[in-house]
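# Summary of the model geometry
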Amino acid sequence: MSVIWTQNGIVENDPWISGGEGADSPKLLPLAEALDHAQDNAPFGVVLQPADDVRALAPILERVAIVALTFPAFSDGRGFSQAMLLRERLGYKGELRAVGTVLLDQVPLMLRTGFDSFEVHHAPTIERLVERRLPGIDLHYQPSVDRTDTTTGYSWRRTAILNG
Amino acid sequence: MYRYDEFDHAFVEARVNQFSDQVARRLSGEISEDAFKPLRLMNGVYLQLHAYMLRVAIPYGTLNGRQMRKLAHIARTYDRGYGHFTTRQNIQYNWPALSDIPAILKELAEVEMHAIQTSGNCIRNVTADHFAGAAADEVADPRPYAEILRQWSSVHPEFSFLPRKFKIAVTGSERDRAAIQVHDIGLQLKKDEEGRLGFAVWIGGGQGRTPILAKKIRDFLPEADLLSYTTAIMRVYNLHGRRDNKYKARIKILVHETGVEQLSAEIEAEWAHLKDGELKLPDADIAAINTYFAPPALTPRAEGWGELAAWKKSDPGFAEWVGRNVAPHRHPDYAMVTISLKPIGGIPGDASADQMDAVARLAQEFAHDEIRVTHEQNLVLPHVALSDLEPLYRALLTDGLATANAGLITDIIACPGLDYCALANARSIPVAQEISNRFGDPKRQAEIGELKIKISGCINACGHHHVGHIGILGVEKKGAELYQISLGGSGDEYASIGQITGRGFEPGEITDAIETIVDTYLANRTDTDESFIECYRRIGADPFKAALYSSEAEAA
């Protein structure tokens, strides 16, 4: 069982859930297919693997409805840099989802690197996310792409802007 | 030295709470051991052969008396009354209970210390020259830059799950006392033609099973670009470093397989996007961090010159200690004192709680409350008036801390080895102890002169054997311990990787083999001024091999 979680809570009937193979449901396409598909009119999303170069999406990014980045293992941190490049370098403003092995302790770091939705399988993680008890630290020693306050002393420091 | 502000205090407190929550979730089974392992490692908690081990960060090896007293208190209260200073300027405790670790972290936070990123596949504690801020040959103090890097790298959202561990070292002078060429990133402070401060940047050095010296990728990086350039290196490494084989995952392999020109071009291309962004360091921030490291006000103490000469004349033991363990300070009335943690026959790097308390007291009494940990597993008091050397020596003597062997054959680096470590194939400590006893006679050591022996109990090379003038590597062969010898390694500005001599030696033979090597050096050196490493570089490995393996050659 997996759920989609965002800062607003659990998303019901998310159309992009992996394995949601309804004939009419839009598709998360691998990079090569997405590049081929870019001329179609139907909305589509992209699911990237850690070795994919996110910069290849640049020409079609405006037409992409969602980008999913895959974490094949908890310890594989390539998705964090892919997310930074998407947000910072390519200026991607759409939904950015973490899929694969998504566990509680990564989520605060993922939020800081620009992810805004999460496909989660791990029951204790889902429980904590639903309770909104994230294990993050609200004081940061480095800028990132999340919304933060910069008036915290040294130029590299930030504090989280907590919503609600 | 750096002092925490409110932000730092609140951050470390939040980190302790975060880790306590992780431990609680592990104990309740919410987190599997597989998922917990990277989390505990990122906070310095290892699982060793007999117990958990906690590694506490001593950023760039600098601490004060109050902090040292806390380390002593932790050793006494939560461990077995001692701690082990490491080659990365940290301290580790070998016997804490997992359930005590949150309490230890809270105690550390009281004195502005932590265990953040002392292990795991993240940016580790940043190291620096242990003589920083005192050495006469320094271009600039490396510690402010190490501190900026420490802050920036703490719980970095993008770089907490790297392919492998990542070590950065900063040196402040041409003379490299931080071994920057065997680090993932090595930074050497320097000035350009206009007198602006910046760094020569080296990447891809490392030891382990594939020892490689770093390559210089930039001759001069302005200081303002420190964080943006480091980010560019880290991003390229995080995306492209190998993840299919942990033994090929360090950046040195990426440099080797990609080629330094191409990789450096990729880093520069990435940096072009980052250099004018929010990571550019304002002069005011660099200046503000620098003020924390302002040297102590050293009053003239010229009376020390005459006193020192008289004391040396009257006490040969003191004279010997001054000759070995005392180095010139940039202020002529002061000196830098190395406190050897290598007593003859002792365990390299170990200090008892009482010894730590003594060092804390002496630092406060004689050394402007500053202590350093060296990557050679000794301690340093960086600012001692010549006039205070004699009383300091007397006090060190009572606590067994006055061994006069800095840089000599008994100043051995050794990893914990099979006595503690789950990775080890062989013991390191008993080998170090036996060599130390064999060469313990002060006259004999002095006759041999500068000679660095470094011992690792497995191929991961925590004992830095690749850069030992004589390196010893413990391996396991058919269930027994065997020791390989390498010669000619060096970790300074003339860095080199040692070459293996030939077949290994059994535990009962290794000290004799070291003696054979030493005798060969003594027989071949041009005069007493030619050190072991200079002699080796002149005559090569063959005379040593011939001496080590001659009986076999005859038998064949």
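What comes next concerns the included structure. (Residues numbered from 1 in each chain as written. Chains lettered and ligands numbered in written order. Predicted model: local features only at pLDDT ≥ 70, side-chain atom pairs only at ≥ 80, totals over all residues. Heavy atoms only, no water.)

## Looking at the overall build of chain B
Scanning chain B for helices and strands turns up 18 helices and 20 strands. Here the C-alpha atoms of chain B give a radius of gyration of 23 Å, agreeing with the 24 Å that 2.2 N^0.38 yields for 556 residues. On the principal axes, the C-alpha backbone points of chain B span a range of 65 × 60 × 55 Å. Within chain B, contacts between residues at least 6 apart in sequence are counted, and of these 67% link residues at least 24 apart. Element-wise, carbon and sulfur atoms account for 51% of the exposed surface of chain B, whose accessible area totals about 19900 Å². For chain B, the centre of its 60 positive side-chain charges and the centre of its 75 negative side-chain charges are spaced 4 Å apart. (Helix = DSSP H or I, 4+ residues; strand = E, 2+ residues; numbered from the N terminus. Rg over C-alpha atoms; globule rule 2.2 N^0.38 Å. Contact = heavy atoms within 4.5 Å. Areas by Shrake-Rupley, 256 points an atom, 1.4 Å probe, with all protein chains shown as cover. Lys, Arg positive; Asp, Glu negative; His and termini not counted. Charge placed at Lys NZ, Arg CZ, Asp CG, Glu CD.)

## Some words on the nonpolar core
Residue and element names in this part refer to chain B. In terms of nonpolar packing, the biggest core is built from 161 residues, with Leu 71 and Trp 321 touching the most fellow members. Looking at which element gives the most residues to this core, the answer is helix α6 (residues 226-240), with nine residues. Once residues within four sequence positions are removed from consideration, Leu 71 is found in contact with Val 56, Ile 58, Leu 63, Ile 91, Tyr 93, Leu 108, Met 113 and Met 356. Of all hydrophobic cores here, the second largest spans 31 residues; its members include Val 431, Tyr 483, Ile 517 and Phe 532. (Core = buried A, V, L, I, M, F, W, Y, C linked by side-chain atoms within 4.5 Å. Buried < 20%, exposed > 50% of the residue type's maximum accessible area, 1.4 Å probe, protein only.)

## As for the sheet that holds strand β17 (residues 453-456) of chain B
All names here are of chain B. A sheet is described by the order of its strands in space; here five strands give the open sequence β16-β17-β18-β19-β20, paired in mixed fashion. At either margin of the open sheet sits one strand with a lone partner, and together these are β16 (413-414) and β20 (499-500). As paired strands, strand β19 (residues 480-487) and β20 are joined by two bridges and run antiparallel to one another. Residue pairing for β20: Leu 487 is matched across the bridge by Gln 499. Sheet contacts for helix α14 (residues 429-438): β16, β17, β18 (470-477) and β19; angle to β17, the most-contacted strand, approximately 155°. On top of the sheet, helix α16 (residues 510-524) reaches β17, β18 and β19; it is set at about 15° to β19, its chief contact. (Pairing = 2+ DSSP bridges. Axes fitted to C-alpha atoms, helices over the stretch in contact; angles between N-to-C directions.)

## Side note on the pairing of strand β15 (residues 379-385) of chain B
Residue and element names in this part refer to chain B. With seven of its seven residues buried, β15 lies for the most part within the structure. Both strand β12 (residues 334-339) and β15 contribute to a ladder of five bridges, which runs antiparallel. Pairing of Ile 339 across the sheet is with Leu 379, part of β15. Taking the residues between adjacent antiparallel strands as the criterion, strand β14 (residues 371-373) and β15 are bridged by five residues, where Gln 377 takes a positive phi near 65°.

## Things to note about the interface of chain B and chain A
In this assembly, 46 residues from chain B lie in contact with 39 residues from chain A. Buried surface at the junction of chain B and chain A, both sides included, amounts to about 3700 Å², of which 60% is carbon and sulfur. Interface area lost by chain B to chain A is led by Phe 7, Pro 157 and Phe 161 of chain B, which between them contribute 21%. The partner of Arg 157 of chain A in a salt bridge is Asp 8 of chain B, and the shortest N-O contact between them spans 3.1 Å. Viewed at the interface, chain A and chain B are joined by 21 residue pairs in polar contact (both at pLDDT 80 or more). For the side of chain B that touches chain A, the elements supplying multiple residues, two or more each, are α1 (6-27), α2 (33-41), α5 (143-153), α6, α8 (260-274) and α9 (283-292) of chain B. It is α1 of chain B that provides the largest number of residues to the side of chain B that touches chain A, a total of ten residues. Split by residue class, the side of chain B that touches chain A holds 25 nonpolar, eight polar and 13 charged. (Buried area = accessible area lost by both parts, 1.4 Å probe. Salt bridge = Lys/Arg side-chain N within 4 Å of Asp/Glu carboxyl O. Polar contact = N/O pair within 3.5 Å; in protein donor to acceptor, adjacent residues only side chain to side chain. Nonpolar A, V, L, I, M, F, W, Y, C, P; charged D, E, K, R; others polar.)

## Side note on the sheet that holds β14 of chain B
Residues and elements named next belong to chain B. Taken together, the five strands give an open sheet; going across it, the order is β3-β14-β15-β12-β11, and neighbouring strands pair in antiparallel fashion. If you trace the sheet from one side to the other, it starts and ends with β3 (62-63) and β11 (326-328), each paired once. The pairing of β11 with β12 spans three bridges and is classified as antiparallel. Note on β12: the bridge partner recorded for Pro 328 is Ala 335.

## A look at the packing of helix α11 (residues 316-325) of chain B against helix α13 (residues 389-398) of chain B
Residues and elements named next belong to chain B. Direction vectors running N to C along α11 and α13 enclose 100°, while the axes themselves pass 11 Å from each other. Between α11 and α13, the angle falls in the class roughly perpendicular. For the pair α11 and α13, contact is made by Gly 317, Phe 318 and Trp 321 and by Leu 389, Glu 390, Leu 392, Tyr 393 and Leu 396, respectively. The residue inventory of the contact of α11 with α13, partitioned by class, reads six nonpolar, one polar and one charged. (Parallel < 35°, antiparallel > 145°, perpendicular 65-115°, else oblique.)

## Examining the environment of Pro 211 of chain B
Residues and elements named next belong to chain B. Along the chain, Pro 211 falls in the loop between β9 (197-203) and β10 (215-222). Taking the C-alpha atoms as reference points, Pro 211 and Ala 395, separated by 184 residues in sequence, lie 41 Å from one another. Those residues in contact with Pro 211, other than ones at most four positions away along the chain, are Gly 206, His 466 and Ile 497.

## Describing helix α2 (residues 78-89) of chain A
Over its twelve residues, α2 of chain A extends 16 Å from the first C-alpha to the last, a length consistent with the 16 Å expected when each residue adds 1.5 Å. Looking at the buried residues of α2 of chain A, the elements they touch are β5 (64-71), β6 (95-100) and α3 (107-112) of chain A together with α6 and α8 of chain B. At the exit of α2 of chain A stands Gly 91 of chain A, carrying a positive phi of roughly 65°. (Expected span 1.5 Å × (residues − 1).)

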